[in-house]
Structure formats: structure tokens, C-alpha cells
Amino acid sequence: MTESRTAWGWGLSSVDAAGTTLDVWYPSLTLGEAPADAYRPTHDFGVLEHIEPDARGVRRIPVFTVSHLDEPIVDAADAYLRLHLMSMRLAKPNTLNLDGIFGKLANVVWTNYGPFAVQDFALRKLDVLKAAAGSHVPTPDINVLSVDKFPRMIDYVVPSGVRIGDADRVRLGAHLAEGTTVMHAGFVNFNAGTLGTSMIEGRVSQGVVVGNNSDVGGGASIMGTLSGGGKLRNSIGEHSLLGANAGIGISLGDNCVVEAGLYVTAGTKVTIYDKAKVAAGQPLDTVKGKDLSGKNNILFIRNSVTGAIEARTRKTGIELNAALHKN
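Residues numbered from 1 in each chain as written. Predicted model: local features only at pLDDT ≥ 70, side-chain atom pairs only at ≥ 80, totals over all residues. Heavy atoms only, no water.

**A closer look at a nonpolar patch on the surface**
Where nonpolar side chains cluster on the molecular surface, the patch consists of Val118, Val144 and Val147 and spans about 230 Å² of accessible area. Summarising the element assignment, valine 118 is placed in the loop between strand E6 (114-117) and helix H3 (121-134). Here valine 118 falls in the partly exposed class, since its relative accessible area comes to 34%. (Patch = residues over 30% accessible without salt bridge, like charges linked within 9 Å, V, L, I, M, F, W, Y side chains within 5 Å. Areas by Shrake-Rupley, 256 points an atom, 1.4 Å probe, with all protein chains shown as cover. Salt bridge = Lys/Arg side-chain N within 4 Å of Asp/Glu carboxyl O. Helix = DSSP H or I, 4+ residues; strand = E, 2+ residues; numbered from the N terminus. Buried < 20%, exposed > 50% of the residue type's maximum accessible area, 1.4 Å probe, protein only.)

**Overview of the sheet that holds E6**
Pairing is antiparallel in the open sheet, where 3 strands are placed in the order E6-E5-E7. Edge positions in the sheet fall to E6 and strand E7 (144-148), since each has one partner strand and no second. Averaged over all pairs of adjacent strands, the angle between strand axes in this sheet comes to 25°, irrespective of strand direction. Bridging between strand E5 (residues 108-111) and E7 involves 4 bridges; their strand directions are antiparallel. Its bridge partner lying in E7, threonine 111 is registered against valine 144. Across the face of the sheet, H3 comes into contact with E5, E6 and E7 while running at roughly 135° to E6. (Pairing = 2+ DSSP bridges. Axes fitted to C-alpha atoms, helices over the stretch in contact; angles between N-to-C directions. Contact = heavy atoms within 4.5 Å.)

**Quick word on helix H1 (residues 76-87)**
Here H1 contains 12 residues, and its C-alpha end-to-end distance of 17 Å stays within 8% of the 16 Å for a straight helix at 1.5 Å per residue. H1 sits mainly inside the fold: 12 of its 12 residues count as buried. Of the positions making up H1, those classed as buried are Ala76, Ala77, Asp78, Ala79, Tyr80, Leu81, Arg82, Leu83, His84, Leu85, Met86 and Ser87. With a side-chain oxygen lying 3.3 Å from the backbone nitrogen of alanine 77, the N-terminal cap of H1 falls on aspartate 75. Immediately downstream of H1, the backbone of arginine 89 shows phi near 65°, a positive value. (Expected span 1.5 Å × (residues − 1). Polar contact = N/O pair within 3.5 Å; in protein donor to acceptor, adjacent residues only side chain to side chain.)

**Observations regarding the domain arrangement of the protein chain**
Partitioning the protein chain into structural domains gives domain 1 (6-148) and domain 2 (163-313). Computed from C-alpha atoms alone, the centre-to-centre distance between domain 1 and domain 2 is 35 Å. With 13 residues of domain 1 in contact, the opposing surface of domain 2 contributes 17 residues. Between domain 1 and domain 2 the total buried area reaches about 1,400 Å² when both faces are included, carbon and sulfur atoms providing 58% of it. It is Arg89, Pro93 and Asn94 that lose the most area in domain 1 upon contact with domain 2, and together they represent 42% of the buried surface on that side. Linking domain 1 with domain 2 are 1 salt bridge. Linking arginine 171 and aspartate 148 is a salt bridge whose minimum nitrogen-to-oxygen distance equals 2.8 Å. Between domain 1 and domain 2 we count 7 residue pairs in polar contact (both at pLDDT 80 or more) in total. No other element matches the 5 residues that H1 contributes to the side of domain 1 that touches domain 2. (Domains from an automatic or database assignment. Buried area = accessible area lost by both parts, 1.4 Å probe.)

**Remarks on unusual backbone geometry**
With a phi close to 55°, asparagine 191 is a non-glycine residue in the positive phi region. Checked against the element boundaries, asparagine 191 lands in the loop between strand E11 (187-188) and strand E12 (192-194). The exposure class assigned to asparagine 191 is buried, which follows from its relative accessible area of 3%.

**Some points on H3**
The first and last C-alpha atoms of H3 sit 20 Å apart over 14 residues, in line with the 20 Å expected at 1.5 Å per residue. Buried within H3 we find Phe121, Val128 and Ala132. Mapping the buried residues of H3 onto a view down its axis gives an arc of 30°, with all of them on the same face. H3 presents Ala122, Leu123, Lys130, Ala133 and Gly134 as exposed residues on the side facing more than 90 degrees away from its buried surface. Contact partners of the buried residues in H3: E5, E6 and E7. (Arc of directions from axis to C-beta.)

**Quick word on the sheet that holds E11**
Sheet strands line up and pair through hydrogen bonds in the backbone, either parallel or antiparallel. The strand order across the open sheet formed by 5 strands is E11-E14-E17-E20-E22, and the pairing between neighbours is parallel. Unpaired on one side and paired on the other, E11 and strand E22 (263-264) mark the two borders of the sheet. Where strand E17 (residues 221-222) and strand E20 (residues 247-248) come together, 2 bridges link them in parallel fashion. Pairing of isoleucine 222 across the sheet is with isoleucine 248, part of E20.

**With respect to the environment of glycine 217**
Within the secondary structure layout, glycine 217 lies in the loop between strand E16 (214-216) and E17. A residue is classified by how much of its surface remains accessible, and glycine 217, at 5% relative accessible area, is buried. Those residues in contact with glycine 217, other than ones at most four positions away along the chain, are Glu201, Gly202, Leu242, Gly243 and Ala244.

**Here's the deal with the packing of aromatic side chains**
In this description, a pair of aromatic rings is defined by centroid distance and the angle of the planes. Applying the stated rule across the entire model yields 8 aromatic pairs. Ring geometry for tyrosine 80 and tyrosine 156: centres 6.4 Å apart, planes at 40°, overall tilted. Remark: tyrosine 156 occurs in the loop between E7 and strand E8 (163-164) and tyrosine 80 occurs in helix H1; sequence separation between them is 76 residues. Looking at tyrosine 80, the relative accessible area reads 1%, which means it is buried. In this structure tyrosine 156 comes out as buried when scored by relative accessible area, which is 12%. Ring centres of phenylalanine 150 and phenylalanine 190 lie 4.4 Å apart, and the angle between their planes is 15°; this geometry places the pair in the stacked category. Separated by 40 residues along the polypeptide, phenylalanine 150 in the loop between E7 and E8 and phenylalanine 190 in the loop between E11 and E12 bring together distant segments of the chain. In this structure, phenylalanine 150 and phenylalanine 190 share a single accessibility class: buried. Chaining the aromatic ring pairs together yields one cluster made of Trp8, Trp10 and Phe64. The ring centre of tyrosine 273 lies 3.8 Å from the NZ or CZ of arginine 312, which sits over that ring. (Phe/Tyr/Trp six-rings, centres within 6.5 Å; stacked < 30°, edge-to-face > 60°. Lys NZ or Arg CZ within 6 Å of the ring centre and 35° of its normal.)

Printed below as a string of C-alpha cells:
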């Protein structure tokens, strides 16, 4: 029997008055078997640790977490450890067991003052502002960034060699390889991301990975496991382009292009363009999109005369601007 993969580390948890873990931050993590208690390293959170509640009603408590990565998630600390692993590039998307993650994460009010519990946010906000006013230090208002189970990635992990136009649009648990640019309208969900130099101007949904030197155009969308795709995991290979406002419910292989505005799903009827058959006046073959999923060297276009969606052979892939993606 194969032994379960393991990761471990010290985290700083935020726990509300009801005892609910709102978040856990791990400055570093280690893959492999955790050391025995006698050899366990100590944390270095120092003054960051607050056993007594602050004005938010939140205590900050160090937690030592050991995660068995092939087994279902057991609690919030375990869930946050696995999300950190992906954003730290210690694990790629779709390689960790994320069963039960939604049930282990609380809905949280994410703010510039840190996480708040949803239930008493209005009162706690007032307490925080009063406490700040009493310190005689000018204090800005509390800005709510979102109400969600997942926080922004860069509040916890800032990977090297990437550019992110809007921090709100990359969730913790995203995997961004070095050389990735996420433009302001781009979005990368948890358990999704890039495996190399990439341009992300559209939406990379949960479970989706984008290969090296590929481009997801502005407004483009890739159907993920949370958007009607079930357990099907779509991906984009290397040197491929998903055009502006296009979308796919299938995978693209290497050196593929989907023209702007075209959406190809598993059930889409696609005509295989064959120049020799056209010249001979022979009928062209028609297949479903799923039959072309993951295949290389395909250009998907809509015939502007007949309206039919066609698949044509494409010999070369796209090349991204090297200077733009050099970080």
C-alpha cells in the first residue's frame, strides 16, 4: 500500500469569538513526513500572536498542521495548508485531494483590517474604529474587499516572477508559474493556474491549467469543474491562444487557436476542413467538439459565409512577447 503524501508547517490562525477558524497563514511549508514532537521546530510569530481577542473579536493562535495530501480535508487549517501549497508552487493544480474543502472553510468578511466573522461584522467594525480613534492615530475606514470562503492570494503568498493587475481577481490556491502575467480583467481561481510563461486576460476556472507560452484573451472563458463541467478537467496546452471573448468546454492541445468570439463545447458540431476534399467536391466530415479535445495543431474558426464551425490544421504555435513576460 502506497503511503500518503504529507506536508507540514506552522501557521497563524485567526479564530473568532465562536471558535470558528477564519483563516490560517503559513509563512513556509515543508513537503514530507512531519518531525516527531520532540524534534518539532518552534514558530517565530512573536508579537503577531494574540491569545486574547482584539477589537474584531479575533484571536491569533499558532497552529502546527500536518496534512495528508491524498486524504480528504479534515479542518480549516488543513484546507489553508493545501491552498498555500499550490500558491507557493509546491503542488500543481489537480494533484491534491480537495474533497470537503467548502464545508471546512467559513464565509468571511475580508477587509483591509483582516478577516471578520460575518455574523457580528457591523458591531465589530464599530469596535475597531473606536479603538483606533482612541489611539489618536489617523485611521482610514474599514474597506470590505469581499465576503467569501477564499481570500486573495497575494495577502498570503506573493510568488516570484509574476505580475498581477488586480489582486482581487486571484484567489488563494491559484498556481502562477514564473513569467505569468494576469491582467486587470483576468481571473484565476483556486486549484487552477499556469505551468509556464502565460498571458491571462480572461477567466481560468477551478481545475483548469494553462501551458507554457499560451494566452487566454480578454473576456475569454475556460469551463471548469465548478461551472457545469462536473469532474471533467479542461486545460490549454503550450503555444496556444484562446481568442478574446472566446470560450472552451474542451481541452486545447499544443499549438491551437480558438478565434475571437467562438465558444467550443463538448457537444459543438465541428466540420473538419480538408482542402483536398473541398477541391474534389467531396463532403467534409463533422464531429463533436469532445472528439477534438486535447488534440494538437488545430485552428477553430467560424466560417463567415456558412456559419459552420471548422477545425483546420495549424502547423505552428503562438509566441508570446518575451520582453513583456520577463520578470
